[in-house]
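If you want the building blocks of each chain, they are given just below.
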Amino acid sequence: MNYYSTNGKAPIADLHKAVVKGLAEDRGLYMPEEIKILPKVFFDNIKDMKFQDIAYNVASAFFGEDVDPDALQDIVYDTLSFDCPVVKVKDNIYSLELFHGPTLAFKDVGARFMARLLQYFIRQEGQHEQVNVLVATSGDTGSAVANGFLGVEGIHVYVLYPKGKVSPIQECQFTTLGQNITAVEVDGVFDDCQALVKNAFMDEALNKHMKLTSANSINVARFLPQAFYYFNAYARMQEIVNCKSLVMCVPSGNFGNICAALFGHAMGLPIKRFIAANNANDIVFKYLQTGKYEPKASVQTLANAMDVGDPSNFARIINLYSQNNKLTNEATHHRITNLISGATYIDEEIKEAMRQCYADTGYILDPHGACGYQALADGLQESEVGVFCETAHPAKFKEKVDDILGIDVEIPDRLAAFMKGKKQSIPMTKDFKDFKDYLMKQ
Ligand SMILES: *Cc1c(COP(=O)(O)O)cnc(C)c1O
């Protein structure tokens, strides 16, 4: 399958190129040329299938032309070595728990899938030179990418993070791993880390010295596998209720997760409608209300993984519903609002949702999932069944959750194990010359 750019000015790419490059030459996002509709028999039998097998069917539709079937099955099975259950919270509201992966957040699936797919292409080429992944993080992406790539032969990962600006729980998830993961502690802010990575990609001498690539969240290999979650959610819901009017609610920041869900819908997944839940960063919420997309600087909130002022995957959603820019803006907006509605919550409302849900049901929400829960509590009709994504385990935001709910959230063993590990990182200034000198010696 080939991939085209949402900006329409870059050459068509094959999957290998789209994965290695991440962003197209015209700075657009890659889109698959075809979205295959899955056969009715697949949906008829889906409730008897396990997560891995459901995902393999979905993965074949996207990647089956480009990856050998046995290898693809191996990649999918290895990526999804954990559960993705739906849990009843109250009445007709269910939580899709996307936090049972290695770092307890939904980004684990995309990161691991990308690592294994990249490795597949490296091996297929018979390439012996090590590939180096550079990633800048303000917290969550670094842990998902580092753990996804951990132990993957032929690939080394450098995680750049701002000194003193990530939480202790986040920091230990990428500084204690060792093996092929190097944490680089930059004396600066997140933007400095990102600037170092960007400069490295542009530096000729460095690119001659080592093969560099990125693991950015817009990468097709990171974003498309998130569709697996929604097919699994549908299957697991079929076990519980025979729901003809399923509403899927996704707490959204860069809109990659919900975009993958919408791809699932385009492949025939029977979801009646979607809700995109935002924190105070309400750019897409406003678009849904007005048809005008006006990006602005992000504001800091309790649900900080959703603090995005110009969501990159929004371009993919527009491209999908405008039929690659064939429809007018009005027609596109109309199609989108027929399927997707929005919700937005300020920090006080997020806290109140967490407290209310805990008092009513005992279910502990993290601040991101709380936006999803509340959007269903506010917007679900009686005849509908709603599922929201709980995108992170509450222990990942322990200090906030404990403080808001007045409890002591239990830390899962997996997270506790990270915290016992020995922190190892390379101290670095924010001066590109120092970072380059360091990489030239590797
Ligand atoms: C990344 C993230 C989100 C937002 O997902 P997008 O794909 O960027 O919309 C929501 N919650 C958590 C916990 C995250 O880490």
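Note that this is a predicted model, so its numbers are computed, not measured. (Residues numbered from 1 in each chain as written. Predicted model: local features only at pLDDT ≥ 70, side-chain atom pairs only at ≥ 80, totals over all residues. Heavy atoms only, no water.)

A.B. asks: Kindly report on the overall build of the protein, identifying the contributing residues and their values.
C.D. replies: For the protein, the count of helices and strands is 20 helices and 14 strands. Dimensions along the principal axes, computed over C-alpha positions, put the protein at roughly 65 × 50 × 45 Å. Within the span of the protein, comprising 442 residues, buried residues form 57% of the whole. Look at the contacts in the protein between residues 6 or more apart in sequence, and 73% of them connect residues 24 or more apart. Carbon and sulfur atoms form 49% of the exposed surface of the protein, whose accessible area is close to 18100 Å². Taking the average location of the 43 positive side-chain charges in the protein and that of its 54 negative ones, the two points are 2 Å from each other. (Helix = DSSP H or I, 4+ residues; strand = E, 2+ residues; numbered from the N terminus. Buried < 20%, exposed > 50% of the residue type's maximum accessible area, 1.4 Å probe, protein only. Contact = heavy atoms within 4.5 Å. Areas by Shrake-Rupley, 256 points an atom, 1.4 Å probe, with all protein chains shown as cover. Lys, Arg positive; Asp, Glu negative; His and termini not counted. Charge placed at Lys NZ, Arg CZ, Asp CG, Glu CD.)

A.B. asks: Could you give me a rundown of the packing of aromatic side chains, with the residues and numbers involved?
C.D. replies: Applying the stated criterion across every chain, the model contains 16 aromatic pairs. Between tyrosine 287 and phenylalanine 314, the aromatic rings sit 4.9 Å apart at their centres with planes inclined by 75 degrees, giving edge-to-face as the arrangement. Taken together, the positions of tyrosine 287 in helix 13 (residues 283-290) and phenylalanine 314 in helix 14 (residues 314-321) put the pair 27 residues apart, joining distant regions of the chain. Grouping residues by exposure puts tyrosine 287 and phenylalanine 314 together as buried. Between tyrosine 293 and phenylalanine 314 the ring centres are 4.3 Å apart and the planes differ by 10 degrees, which places this aromatic pair in the stacked class. Residue tyrosine 293 is located in the loop between helix 13 and helix 14, and its partner phenylalanine 314 is located in helix 14; the two are separated by 21 residues in the primary sequence. A relative accessible area of 26% means that tyrosine 293 is categorised as partly exposed. The structure contains a cluster of three or more aromatic residues connected by ring pairs, namely Phe62, Phe63, Phe113, Phe223, Phe228 and Phe263. (Phe/Tyr/Trp six-rings, centres within 6.5 Å; stacked < 30°, edge-to-face > 60°.)

A.B. asks: Outline the layout of surface pockets, listing residues and values.
C.D. replies: Approximately 250 Å³ is the volume attributed to the second largest pocket. Looking at the second largest pocket, it is lined by 14 residues, and the ones nearest its centre are Ile35, Asn319, Leu320, Gln323 and Asn324. Ranked by the residues each element gives to the lining of the second largest pocket, the list is headed by helix 14, at three residues. Partitioning the lining of the second largest pocket into residue classes produces seven nonpolar, four polar and three charged. (1 Å grid on protein atoms, 1.4 Å probe; cavity = no way out; pocket = protein on both sides within 12 Å on 5 of 7 lines; lining within 4 Å. Points joined across faces, edges and corners; volume = space filled by probe spheres on them. Nonpolar A, V, L, I, M, F, W, Y, C, P; charged D, E, K, R; others polar.)

A.B. asks: Could you give an account of the pairing of strand 8 (residues 181-186), naming the residues involved and the relevant values?
C.D. replies: With six of six residues buried, strand 8 is to be regarded as a mostly interior element. Burial along strand 8 is two-sided: Ile181, Ala183 and Glu185 facing one way and Thr182, Val184 and Val186 facing the other are all buried. In this view, the connection linking strand 7 (residues 155-162) to its parallel neighbour strand 8 by way of helix 7 (residues 168-175) has right-handed handedness. When strand 8 meets strand 14 (residues 426-428), the two strands line up parallel, connected through three bridges. Its bridge partner lying in strand 14, glutamate 185 is registered against proline 427. (Right-handed = clockwise from strand over helix to strand, strands pointing away. Pairing = 2+ DSSP bridges.)

A.B. asks: Explain the sheet that holds strand 9 (residues 211-214) to me, and be specific about the residues and the numbers.
C.D. replies: Strand order in the open sheet formed by five strands is 9-6-7-8-14, with parallel pairing between adjacent strands. Two strands in the sheet have a free side with no partner beyond their single neighbour: strand 9 and strand 14. Strand-to-strand twist of the sheet, defined as the mean angle between neighbouring strand axes without regard to direction, takes the value 30 degrees. Relative to strand 8, strand 7 is paired through six bridges, and the arrangement is parallel. Bridged to tyrosine 161 within strand 8 is glutamate 185. Of the strands in this sheet, strand 6 (131-136), strand 7 and strand 9 touch helix 5 (residues 107-124), which is tilted by about 145 degrees from strand 7. (Axes fitted to C-alpha atoms, helices over the stretch in contact; angles between N-to-C directions.)

A.B. asks: Give me the environment of valine 220: which residues, what numbers.
C.D. replies: Summarising the element assignment, valine 220 is placed in helix 10 (residues 220-223). In this structure the C-alpha to C-alpha distance between valine 220 and histidine 368, which are 148 residues apart in sequence, comes to 23 Å. Those residues in contact with valine 220 that sit more than four places away from it in its chain are Tyr3, Leu15, Ala18, Val19, Tyr30, Pro225 and Arg316.

A.B. asks: Account for unusual backbone geometry, with residues named and values stated.
C.D. replies: The backbone phi angle of arginine 27 is positive, close to 65 degrees, even though this residue is not glycine. Along the chain, arginine 27 turns up in the loop between helix 1 (15-21) and strand 3 (30-32). Looking at arginine 27, the relative accessible area reads 60%, which means it is exposed. We note that glutamine 179 has phi near 45 degrees; this positive angle belongs to a residue other than glycine.

A.B. asks: Got a sec to walk through the pairing of strand 10 (residues 246-251)? Specific residues and values, please.
C.D. replies: In terms of burial, strand 10 is a largely internal element, six of the six residues being buried. Of the two faces of strand 10, the one lined by Leu246, Met248 and Val250 and the one lined by Val247, Cys249 and Pro251 are each fully buried. By the bridge criterion, four bridges tie strand 10 to strand 13 (residues 385-390) in an arrangement that is parallel. The partner of valine 247 across the bridge, within strand 13, is glycine 386. Summarising the sheet, strand 10 and strand 11 (residues 273-278) pair through five bridges and their orientation is parallel. Directly across from cysteine 249, in strand 11, lies its bridge partner isoleucine 275. In this region the chain leaves strand 10, passes through helix 12 (residues 256-266) and returns to the parallel neighbour strand 11; the handedness of that crossover is right-handed.

A.B. asks: Explain the nonpolar core to me, and be specific about the residues and the numbers.
C.D. replies: In terms of nonpolar packing, the biggest core is built from 145 residues, with Phe63, Phe149 and Phe231 touching the most fellow members. No other element matches the 10 residues that helix 5 contributes to this core. Once residues within four sequence positions are removed from consideration, phenylalanine 63 is found in contact with Tyr3, Leu15, Leu72, Phe113 and Leu224. Val184, Cys193, Ala200 and Leu206 belong to the second-largest nonpolar core, a separate cluster that totals 18 residues. (Core = buried A, V, L, I, M, F, W, Y, C linked by side-chain atoms within 4.5 Å.)

A.B. asks: Now, about helix 4 (residues 69-79): what can you tell me, with residues and values included?
C.D. replies: If you check which residues of helix 4 are buried, you get Ala71, Leu72, Ile75, Val76 and Thr79. Seen from one end, helix 4 has its buried residues packed into an arc of 135 degrees, which puts them on one side. (Arc of directions from axis to C-beta.)

A.B. asks: So what's going on with the packing of helix 3 (residues 51-63) against helix 4? Which residues, and what values?
C.D. replies: Remark: helix 3 packs on helix 4, axes separated minimally by 9 Å, with the N-to-C direction vectors making an angle of 130 degrees. Between helix 3 and helix 4, the angle falls in the class oblique. Relative to helix 4, the crossing made by helix 3 is right-handed. Of helix 4, the residues touching helix 3 (which contributes Gln52, Asp53, Ala55, Tyr56, Ala59, Ser60 and Phe63) are Pro69, Leu72, Gln73, Val76 and Tyr77. Of the residues assigned to the contact of helix 3 with helix 4, the class counts are eight nonpolar, three polar and one charged. (Parallel < 35°, antiparallel > 145°, perpendicular 65-115°, else oblique. Left-handed = near helix turned anticlockwise from the far one by under 90°.)

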